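So you can see what is in the structure, the chains are spelled out below.
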Amino acid sequence: MNNITFGRYTTENTVVHKLDPRNKIVLMILLMITIFLPFQVWSTTLILTGLVLAFLIVVMFLSKVNFLDLFRSIKGMWFLILFLMVIYFFIPDKSYTLPIPGTPFYYDAFYRCGYIVLRLIMLLSITTILTTTTKPMDLTYGLEFYMSPLKVIHFPSHEIAMTLSIALRFIPTLLDETNRIIKAQSSRGVDFEHGGIFKKFKAIISLIIPLFVSAIERSEELSNAMEVRGYNPKSKRSRYRMLKFHWCDLFAFLIVGAIFGGILTLSIYDQNIIQINIIYAIFGKMPLF
Amino acid sequence: MNAIEIRNLNFSYTSDKKILKNLSLDIKRGSFVSLLGNNGSGKTTLTKLLVGLLSPDSGEISVEGVLLEKKTINEIRKNVVIVFQNPDNQFIGATVEDDIAFGLENRQIPRDEMLKIVSKYASLVDMSDFINREPSSLSGGQKQRVAIAGALALSPKILILDESTAMLDPKGKSEIISLIQDLRKNMPELTIISITHDMEEAALSDRILYLKNGEIVADDSPDNLFLNEKFVEENHIKLPFIYLLKKELNKQLLSSSGNTIEEVIKNVFKN
Ligand SMILES: Nc1ncnc2c1ncn2[C@@H]1O[C@H](COP(=O)(O)OP(=O)(O)OP(=O)(O)O)[C@@H](O)[C@H]1O
Ligand SMILES: [Mg+2]
């Protein structure tokens, strides 16, 4: 359980690591919207999403994301791909792709399935870039920043950020604890690996209860420690961590902004004025399928 | 001047069992006091009372001349800090520097000042090279040193260590002990109260308090306490090595024959 490395923060020193978390959160949202912008012609959609994917791959190289980990988590999606394939093969949307010659099937299955998988991979890549290049704590600071205007309506944005950061801080500690309890209970004869659902459930209970007890004890001690060091959620605090907007933040914002803006414009144009067909524009004829 | 004055303190969690019975106690400023006692004797309870985490049934507590009341709790907490037993459960920040800064943030110290204080205390506890580390990549001893740095960064007048070495391995333990020794040399004004089950540690203090059934049954220097055979016997105290040695030497000295220094030494070390 300790080897969950996928998506974990890496201590590298790349440009992407240096970006302001507040900026990264916005850029992430922009990119996510971008890959869901609709186009009428599917080949256009595919080409534009491909462009965004190429951009993401470059960014992943820049931020030294472990591609192996990414592939591994994509590999886990094979069942979903198979499932979609079967569904789309038998319930094709006949309106916009041609049938596969000599079969009752349509190319549409490949297209729609591929597109969904592509989008999932891209979503995964975007979040992976964010989490491997941003410390969880900086992410919370970023979120707190965006939540802080809500303070006006007495929304406890600081408390939420503090709670989140402490929860993040305690994840490794509680994982260690979980492993310890599993070992302790196994040595008492609890079997976590074999047996039916009912037996497994019983085994899990013998893990959860001690884990809860210890977590509550910890929280009690933690709150004492915080109180002794003068923490009061209601009073003002100064800040040790400062988020800084660098020139490279502006640069990144311009690039992502251009991608987002460009594709958004095209999409609006495509939906409202005239449908865009890149393949047709370049080759002067419709694609093969 | 006394750092802590306790008068007729009574406390119980539940009505059927008194944890502290009419306890009175003065602790001199700048002294290093060890508080001993069996599990459940009320040592932690006493420290919680001192900083107002619990409130007494009756009695008075003054810290640095300020009477502990509801409205003075914050003032008192500025003077007293506690380092607890479990290094994991008091590491609040995401990294070493964040954790040392936690208390400073609460006091609204400006950022540039905080940076200076954090690096000063990180180097004081010899953690400068680990300033960016997360707690999960630190040893127990290192985490505990960070906790001490975070406590000292608040420039307290009283430092309470509640079994701060109990969960550490021998190396971590001796690191903390030598850190305490350094503190005593470099901050003579700082009052240190150390709760411990480790007699070697207690032997280094100026004064030992022994808590039993809610009362202080012994209050003496390590020399007097550890060489008091009746008390040691009664409370099953495991003598520190140095006192075993002293006791043994004493016995040998008294029973050895000879009238000149040379003769005595020769006889003592013969067997
Ligand atoms: N929150 C609580 N509610 C009820 N009883 C408590 C509570 N905390 C402690 N006690 C009881 O009070 C007594 C004193 O506890 P305390 O933690 O002060 O002992 P201690 O001297 O610090 O022991 P140790 O050496 O194990 O740390 C114990 O009998 C304990 O069971
Ligand atoms: Mg205790």
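The structure presented is a predicted model; accordingly, all values stated were derived computationally and were not measured.

**What to know about the overall build of chain B**
And then number 1: When helices and strands are tallied, chain B shows 11 helices and 10 strands.
And then number 2: Seen through its C-alpha atoms, chain B measures out along the principal axes to roughly 70 × 50 × 35 Å.
And then number 3: Classification of the 271 residues of chain B by burial places 53% in the buried group.
And then number 4: Looking at chain B as shown, the accessible area adds up to about 13100 Å², and 49% of this sits on carbon and sulfur atoms.
And then number 5: Here chain B contributes 33 positive and 38 negative side-chain charges, whose respective centroids are spaced 2 Å apart.

**Quick look at the packing of helix 8 (residues 157-187) of chain A against helix 9 (residues 197-228) of chain A**
Residue and element names in this part refer to chain A.
And then number 1: In contact at an axis separation of 10 Å, helix 8 and helix 9 are set at 140 degrees when each is read in the N-to-C sense. With respect to each other, helix 8 and helix 9 are oriented oblique. The handedness of the crossing between helix 8 and helix 9 comes out as right-handed. Where helix 8 abuts helix 9, its residues M162, I166, F170, T173, L174, E177, T178, I181, I182 and Q185 lie against S206, L207, P210, L211, S214, A215, R218, L222 and M226.
And then number 2: Considering only residue class, the contact of helix 8 with helix 9 consists of 12 nonpolar, 5 polar and 2 charged.

**Re the site of ligand 1**
All names here are of chain B.
And then number 1: Near ligand 1 lie 13 residues; those nearest to it are N39, G40, K43, T44 and T45.
And then number 2: Between E163 and ligand 1, the recorded distance is 2.9 Å, taken from a side-chain N or O atom to an oxygen atom.
And then number 3: Along the lines of polarity and charge, the residues of the shell around ligand 1 split into 2 nonpolar, 8 polar and 3 charged.

**Topic: the interface of chain B and chain A**
And then number 1: Tallying the contact residues gives 36 residues for chain B and 26 residues for chain A.
And then number 2: Summing both partners gives a buried area of about 2900 Å² for chain B against chain A, and 52% of it is carried by carbon and sulfur.
And then number 3: Counting the surface chain B buries against chain A, the share from its top three residues, B:N89, B:I92 and B:R111, is 22%.
And then number 4: If you look at where chain B meets chain A, you find 5 salt bridges.
And then number 5: With a closest N to O distance of 3.0 Å, A:R237 and B:E105 form a salt bridge.
And then number 6: Inspection of the chain B/chain A interface yields 19 residue pairs in polar contact (both at pLDDT 80 or more).

**Looking at the environment of B:G103**
And then number 1: Tracing the backbone through its elements, the reader meets B:G103 in helix 3 (residues 96-106).
And then number 2: Residue B:G103 is classed as buried on the basis of its relative accessible area, which comes to 0%.
And then number 3: The spatial distance from the C-alpha of B:G103 to the C-alpha of B:L253 is 54 Å, given a sequence separation of 150 residues.
And then number 4: The residues contacting B:G103, other than those within four sequence positions of it, are A:R229 and B:L154.

**Regarding the layout of surface pockets**
And then number 1: If you add up the space inside the largest pocket, you get close to 1400 Å³.
And then number 2: Taken together, 47 residues make up the lining of the largest pocket; nearest its centre are A:Y9, A:T134, A:K135, A:P136 and B:E134.
And then number 3: Secondary-structure elements contributing two or more residues to the lining of the largest pocket are helix 1 (15-18), helix 2 (21-34), helix 6 (108-133), helix 7 (136-147) and helix 8 of chain A.
And then number 4: Among the elements that line the lining of the largest pocket, the one with the most residues is helix 8 of chain A, at 7 residues.
And then number 5: Grouping the amino acids of the lining of the largest pocket by side-chain chemistry returns 19 nonpolar, 15 polar and 13 charged.
And then number 6: Taken together, domain 1 (1-135 + 244-289) and domain 2 (157-232) of chain A each give at least three residues to the lining of the largest pocket, which thus spans both.
And then number 7: Approximately 670 Å³ is the volume found for the second largest pocket.
And then number 8: Along the walls of the second largest pocket sit 29 residues, with A:E144, A:K151, A:H158, A:R237 and A:R239 positioned nearest its centre.
And then number 9: Of all elements in the fold, only helix 7 and helix 8 of chain A together with helix 3 of chain B reach the threshold of two or more residues within the lining of the second largest pocket.
And then number 10: The element best represented in the lining of the second largest pocket is helix 8 of chain A, accounting for 6 residues.
And then number 11: Among the residues forming the lining of the second largest pocket, the class breakdown is 11 nonpolar, 8 polar and 10 charged.

**Regarding the sheet that holds strand 1 (residues 2-11) of chain B**
All names here are of chain B.
And then number 1: The 4 strands are arranged 2-1-4-5 in an open sheet whose pairing can be described as antiparallel. With partners counted over all chains shown, the strands left at the sheet margins are strand 2 (20-28) and strand 5 (66-67), one partner each.
And then number 2: Pairing analysis gives 6 bridges linking strand 1 to strand 2, with the strands arranged antiparallel. The residue of strand 2 that forms the bridge with F11 is L20.

**Re the packing of helix 4 (residues 67-75) of chain A against helix 6 of chain A**
Residues and elements named next belong to chain A.
And then number 1: In contact at an axis separation of 11 Å, helix 4 and helix 6 are set at 140 degrees when each is read in the N-to-C sense. Here helix 6 runs oblique to helix 4, going by the angle between their axes. Every pair of crossing elements has a handedness; the one defined by helix 4 and helix 6 is right-handed. The residues of helix 6 that touch helix 4, namely those facing L70, S73 and I74, are I121, L124, S125 and T128.
And then number 2: In terms of residue class, the contact of helix 4 with helix 6 is made up of 4 nonpolar, 3 polar and no charged.

**A short note on the side chain of B:T191**
And then number 1: Assignment of secondary structure puts B:T191 in strand 8 (residues 191-195).
And then number 2: At a separation of 3.0 Å, a polar atom in the side chain of B:T191 contacts the main-chain amide nitrogen of B:G30.

**Examining unusual backbone geometry**
Residue and element names in this part refer to chain B.
And then number 1: Positive phi outside glycine occurs at N8, with the angle close to 45 degrees.
And then number 2: Relative to the assigned elements, N8 resides in strand 1.
And then number 3: At D126, a position not held by glycine, the phi torsion is positive, near 65 degrees.
And then number 4: Residue D126 is classed as exposed on the basis of its relative accessible area of 57%.

**Overview of the confidence of the model for chain B**
And then number 1: On average, residues of chain B score 89 in pLDDT, and 100% of them are at 70 or above.
And then number 2: In the model output, the complex is listed with pTM 0.79 alongside ipTM 0.85.

**Digging into empty space enclosed by the protein**
All names here are of chain B.
And then number 1: Taken as a whole and assessed by the stated rule, the structure comprises 3 cavities of 30 Å³ or more.
And then number 2: Considered as a void within the structure, the largest cavity measures approximately 70 Å³ in volume.
And then number 3: For the largest cavity, the full set of lining residues is I4, I6, L25, I27, L35, K43, L46, T47, L50, I193 and L209.
And then number 4: Among the secondary structure elements, those contributing two or more residues to the lining of the largest cavity are strand 1, strand 2 and helix 1 (43-50).
And then number 5: Counting residues per element, the lining of the largest cavity draws most heavily on helix 1, at 4 residues.
And then number 6: Classifying every residue of the lining of the largest cavity by side-chain character gives 9 nonpolar, 1 polar and 1 charged.

About the criteria used
- Residues numbered from 1 in each chain as written.
- Chains lettered and ligands numbered in written order.
- Predicted model: local features only at pLDDT ≥ 70, side-chain atom pairs only at ≥ 80, totals over all residues.
- Heavy atoms only, no water.
- Helix = DSSP H or I, 4+ residues; strand = E, 2+ residues; numbered from the N terminus.
- Buried < 20%, exposed > 50% of the residue type's maximum accessible area, 1.4 Å probe, protein only.
- Areas by Shrake-Rupley, 256 points an atom, 1.4 Å probe, with all protein chains shown as cover.
- Lys, Arg positive; Asp, Glu negative; His and termini not counted.
- Charge placed at Lys NZ, Arg CZ, Asp CG, Glu CD.
- Axes fitted to C-alpha atoms, helices over the stretch in contact; angles between N-to-C directions.
- Parallel < 35°, antiparallel > 145°, perpendicular 65-115°, else oblique.
- Left-handed = near helix turned anticlockwise from the far one by under 90°.
- Contact = heavy atoms within 4.5 Å.
- Nonpolar A, V, L, I, M, F, W, Y, C, P; charged D, E, K, R; others polar.
- Near = heavy atom within 4 Å.
- Polar contact = N/O pair within 3.5 Å; in protein donor to acceptor, adjacent residues only side chain to side chain.
- Buried area = accessible area lost by both parts, 1.4 Å probe.
- Salt bridge = Lys/Arg side-chain N within 4 Å of Asp/Glu carboxyl O.
- 1 Å grid on protein atoms, 1.4 Å probe; cavity = no way out; pocket = protein on both sides within 12 Å on 5 of 7 lines; lining within 4 Å.
- Points joined across faces, edges and corners; volume = space filled by probe spheres on them.
- Domains from an automatic or database assignment.
- Pairing = 2+ DSSP bridges.
- pLDDT = per-residue confidence, 0-100.

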